[in-house]
Amino acid sequence: MAESIQNTDDTVEGGEDENTEDSIMQVSEPLELSAFRAKWMSELQPSAGEQTSFSKIADLKRKQELAKEKKARELFLKAVEEEQNGAVYEAIKYYKSAMLLVPDIEFKINYSRTPDPDRVGGSYLENNENDGEIDDLLAYFQQQLTLGDATMKLCEPESDTSQVHISALPFEVLMYIFRWVVSCDLDLRALEQLSLVCRGFYICARDPEIWRSACLRVWGRSCTKMLPFLSWREMFLERPRVRFDGVYISKTSYIRQGEESLDGFYRAWHQVEYYRYLRFFPDGQVIMLNTPEDPLATVPRLRSKNPRIDSTLFGHYRLYQDTDNQTDVYVVVSKKKEEKVADNQRSRFCRRNPGPEVERSFHVGLQLSSGGCQRFNKLVWSHHSCYITYRSTGETVVTAFDVDKMYTPLFFARVKSYTAFSEHPL
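Residues numbered from 1 in each chain as written. Predicted model: local features only at pLDDT ≥ 70, side-chain atom pairs only at ≥ 80, totals over all residues. Heavy atoms only, no water.

Moving on, we get to the overall build of the protein. Helix and strand counts for the protein stand at 10 helices and nine strands. Going through the 426 residues of the protein one by one, you find that 27% of them count as buried. If you take every contact in the protein between residues at least 6 apart in sequence, the share linking residues at least 24 apart comes to 52%. (Helix = DSSP H or I, 4+ residues; strand = E, 2+ residues; numbered from the N terminus. Buried < 20%, exposed > 50% of the residue type's maximum accessible area, 1.4 Å probe, protein only. Contact = heavy atoms within 4.5 Å.)

The structure is reproduced here in structure tokens:
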């Protein structure tokens, strides 16, 4: 009996030990997990020493970049000085060295160095304090290209060549070449692109006589005075005018009622679309065309003044500027007179009593305006009428059309092929 009680006590004592060990294990597991997480987070976060080293590295890189930019600036300014002195090859070496250090060093320099009075033409011009740009670029280029003997040297050959360089030509010959570039089509856009070649070509392209001749071709006797504009070039660019390096196009669409069906239950409706083309020439001529063909097929056929299209109308135009500073374009067009066919060449089926011979001409009034980024690219209808003249009696009948939504504005589209070739200079 005593043994059984003792065994029972041993069993109870053993069970209490096992429960105690389990509870200790359950408590120790969260503690170990928390300790592991704390150690892991401490390893992820940089220490104070590491943060200090990172800041030192960043400061060192910044100092290196500043030193590199300073060196590149000095090399670039040295190259500019060599170029001013005429040492082109040495200047190229300095330019390359500066751009190897900092590729965009040219845009990080403000030219504020004082000009040297002993050197002809000086070296730099002080920047404008407001915008940092040279006010009169033409005067600056003229000053830079003036030599000691007060002669203008437009450009120099970059490398030695056995052929005659264009800089050897007299100034009058160069100006004649520039007039060929403008041509009788007044392609002033090509002249502006030519001025980007060098400083000497920039000066030639700003010659007042070229722009004066262009203004006289456009406005005639009405532009004898340059005022209120500062130059002839400013007048050509700012004064409203029609453009010659392309064509004005408008698209019109409307719904037309068709005939009834045979059973009379429905009536057909047709959507009609057509284009109207209007091209101006510097000599005062104009051509107009109404056709359902799209611009891709029609525009190349309007390159010359005599396109081989039957429905083309030919005429002339003039510009008129009213008191409200609104520029109007008046156009008069008609079909070309057909040559009379001999009586023996007529068909025998021709009517013996033809209708009265008439001449039709169309008078169009348009308002010139600008829209979007382009200038003078929009023509708005203001008037449209038809004049019918009977040759037998000389009587003229005028029919005026109502300008409504059917008369959509004409927008300008530049065509490169129109000014690709030239037959006469300006």
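Time to look at the pairing of strand S5 (residues 327–334). Bridge analysis of strand S4 (residues 313–321) against S5 gives eight bridges, and the strand direction is antiparallel. Residue Tyr 320 lies in a different strand from S5, and its bridge partner there is Asp 328. (Pairing = 2+ DSSP bridges.)

Now for the confidence of the model for the protein. In this model, the protein carries a mean pLDDT of 77, and residues with pLDDT of at least 70 account for 75%. Of all helices and strands in the protein, the one with the weakest mean pLDDT is helix H1 (residues 2–44) (59), whereas strand S3 (residues 285–291) scores best (92). Segment residues 112–134 is flagged for pLDDT under 50; beyond a separation of four residues in sequence, or across chains, it makes 35 contacts in the model. (pLDDT = per-residue confidence, 0-100.)

What follows is about the packing of aromatic side chains. Inspection of every chain in the model, using the stated rule, returns 10 aromatic pairs. Ring centres of Tyr 248 and Phe 280 lie 5.7 Å apart, and the angle between their planes is 85°; on these two criteria the pair is classed as edge-to-face. Of this pair, Tyr 248 sits in strand S1 (residues 246–260) while Phe 280 sits in strand S2 (residues 267–280), and the two are 32 residues apart along the sequence. You can call Tyr 248 buried: its relative accessible area is 0%. Just above the ring of Tyr 202 sits the side chain of Arg 206; from NZ or CZ to the centre is 4.1 Å. (Phe/Tyr/Trp six-rings, centres within 6.5 Å; stacked < 30°, edge-to-face > 60°. Lys NZ or Arg CZ within 6 Å of the ring centre and 35° of its normal.)

A separate point is a nonpolar patch on the surface. On the surface, Leu 33, Phe 36, Trp 40 and Met 41 cluster together into a nonpolar patch covering about 440 Å² of accessible area. Its relative accessible area of 55% is what places Phe 36 among the exposed residues. (Patch = residues over 30% accessible without salt bridge, like charges linked within 9 Å, V, L, I, M, F, W, Y side chains within 5 Å. Areas by Shrake-Rupley, 256 points an atom, 1.4 Å probe, with all protein chains shown as cover. Salt bridge = Lys/Arg side-chain N within 4 Å of Asp/Glu carboxyl O.)

Right, let's get into the environment of Glu 293. Examined against the element boundaries, Glu 293 turns out to sit in the loop between S3 and helix H10 (295–298). For Glu 293, a relative accessible area of 36% gives the class partly exposed. Separated by 19 residues in sequence, Glu 293 and Tyr 274 have C-alpha atoms that sit 7.1 Å apart. Every residue in contact with Glu 293, bar those within four places of it in the chain, is listed here: Tyr 275, Tyr 277, Thr 298 and Arg 301.

If you walk through the whole model with that rule in mind, you get 12 salt bridges. Lys 78 is the partner of Glu 82 in a salt bridge, and the nearest nitrogen-oxygen pair spans 3.6 Å. Of this pair, Glu 82 and Lys 78 both sit in helix H2 (residues 48–84), four residues apart, which is roughly one turn of the helix. Residue Lys 78 is classed as partly exposed on the basis of its relative accessible area of 33%. Notably, a salt bridge pairs Glu 359 with Arg 391, separated by 3.3 Å at the nearest N-O pair. Of this pair, Glu 359 sits in strand S6 (residues 358–369) while Arg 391 sits in the loop between strand S7 (378–390) and strand S8 (396–400), and the two are 32 residues apart along the sequence. Here the residues in one salt-bridge network are Glu 192, Arg 206 and Arg 233, joined through shared partners.

Checked against the element boundaries, Ser 195 lands in the loop between helix H6 (188–194) and helix H7 (199–205). With near-sequence residues (within four places) excluded, Ser 195 lies in contact with Phe 201, Tyr 202, Ala 205 and Arg 206.

Turning to the packing of helix H5 (residues 171–182) against helix H8 (residues 208–219), a few remarks are in order. Contact geometry of H5 with H8 gives a least axis separation of 11 Å together with a crossing angle of 35°. H8 is crossed by H5, and the crossing has right-handed handedness. Contacts from Met 175, Phe 178, Arg 179 and Val 182 in H5 reach Glu 209, Ile 210 and Ser 213 in H8. Counted by class, the contact of H5 with H8 contains four nonpolar, one polar and two charged residues. (Axes fitted to C-alpha atoms, helices over the stretch in contact; angles between N-to-C directions. Left-handed = near helix turned anticlockwise from the far one by under 90°. Nonpolar A, V, L, I, M, F, W, Y, C, P; charged D, E, K, R; others polar.)

All right, on to the environment of Ala 214 then. With respect to the secondary-structure elements, Ala 214 resides in helix H8. Here Ala 214 falls in the buried class, since its relative accessible area comes to 0%. As for Ala 214 and Trp 232, which are separated by 18 residues in sequence, their C-alpha atoms are 8.7 Å apart. Other than its neighbours up to four places away in sequence, Ala 214 contacts Leu 186, Leu 188, Phe 236 and Leu 426.

So, about unusual backbone geometry. Even without a glycine there, the phi angle at Leu 186 is positive, about 55°. With respect to the helices, strands and loops of the structure, Leu 186 is situated in the loop between H5 and H6. Overall, the relative accessible area of 7% leaves Leu 186 in the buried class. In this model, Phe 376 sits at a positive phi of 55°, which is unusual for a non-glycine residue.

By the bridge criterion, four bridges tie S1 to strand S9 (residues 410–414) in an arrangement that is antiparallel. Of the residues in S9, the one forming a bridge with Val 247 is Ala 413. Bridging between S7 and S9 involves two bridges; their strand directions are antiparallel. Within the sheet, the bridge partner assigned to Lys 378 lies in S9 and is Phe 411.

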